[in-house]
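Spelled out from the first residue to the last, the chains are:
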Amino acid sequence: KQIIPLKVIPNSKIVQKVTLNYNTYQLKLGEKVQLKAKITPSTAKNKKVTFSTSNLHILKVSKTGKVRATGRGTAKIIATASNGKKAICKITVTD
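Residues numbered from 1 in each chain as written. Predicted model: local features only at pLDDT ≥ 70, side-chain atom pairs only at ≥ 80, totals over all residues. Heavy atoms only, no water.

Asker: Which residues make up the sheet that holds strand S8 (residues 73-81), and what values do they have?
Answerer: Within a sheet, adjacent strands bond to each other through the backbone by hydrogen bonds, running parallel or antiparallel. Strand order across the open sheet formed by four strands is S2-S9-S8-S5, with mixed pairing between neighbours. Here the strands that pair on one side only, and so sit at the sheet edges, are strand S2 (24-28) and strand S5 (49-53). When the angles between neighbouring strand axes are averaged without regard to direction, this sheet yields 25 degrees. Pairing of S2 with strand S9 (residues 86-94), which is carried by five bridges, proceeds in the parallel orientation. Paired with Thr24 across the strands is Lys90, a residue of S9. (Pairing = 2+ DSSP bridges. Helix = DSSP H or I, 4+ residues; strand = E, 2+ residues; numbered from the N terminus. Axes fitted to C-alpha atoms, helices over the stretch in contact; angles between N-to-C directions.)

Structural data, given as structure tokens:
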């Protein structure tokens, strides 16, 4: 038998990582912040990211990542790539 070593080359078309412009943030009630997602590698084929909130009573988020503070407390905004890779920003809302 002959053993042939294989070299694994990462697929540069698949999302490896999602990052946000903020990991944590503080807002006052009624304020807004724009979150921006960055996909790595930049050559990924599907760069679509969806935004969601862990608590609609505290934070509302648009499909473009604009976050509005609607209640007091702490919640998370989750940016999810099409393959399930995620980034999270923890936001605290005060008076």
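There's more to say after this.
Asker: Explain the nonpolar core to me, and be specific about the residues and the numbers.
Answerer: Of all hydrophobic cores here, the largest spans 22 residues; its most connected members are Leu59 and Ile91. Beyond its immediate stretch of four places on either side in the chain, Ile91 contacts Tyr25, Leu27, Val33, Leu59, Val67, Gly73, Thr74, Ala75 and Ile77. (Core = buried A, V, L, I, M, F, W, Y, C linked by side-chain atoms within 4.5 Å. Buried < 20%, exposed > 50% of the residue type's maximum accessible area, 1.4 Å probe, protein only. Contact = heavy atoms within 4.5 Å.)

Asker: Which residues make up the pairing of S5, and what are the values?
Answerer: Burial along S5 is one-sided: the face carrying Val49, Phe51 and Thr53 is buried and the face carrying Thr50 and Ser52 is not. Of the strand pairs in this sheet, S5 and S8 are connected by five bridges, and their pairing is antiparallel. Looking across to S8, one finds that Thr50 is bridged to Thr80.

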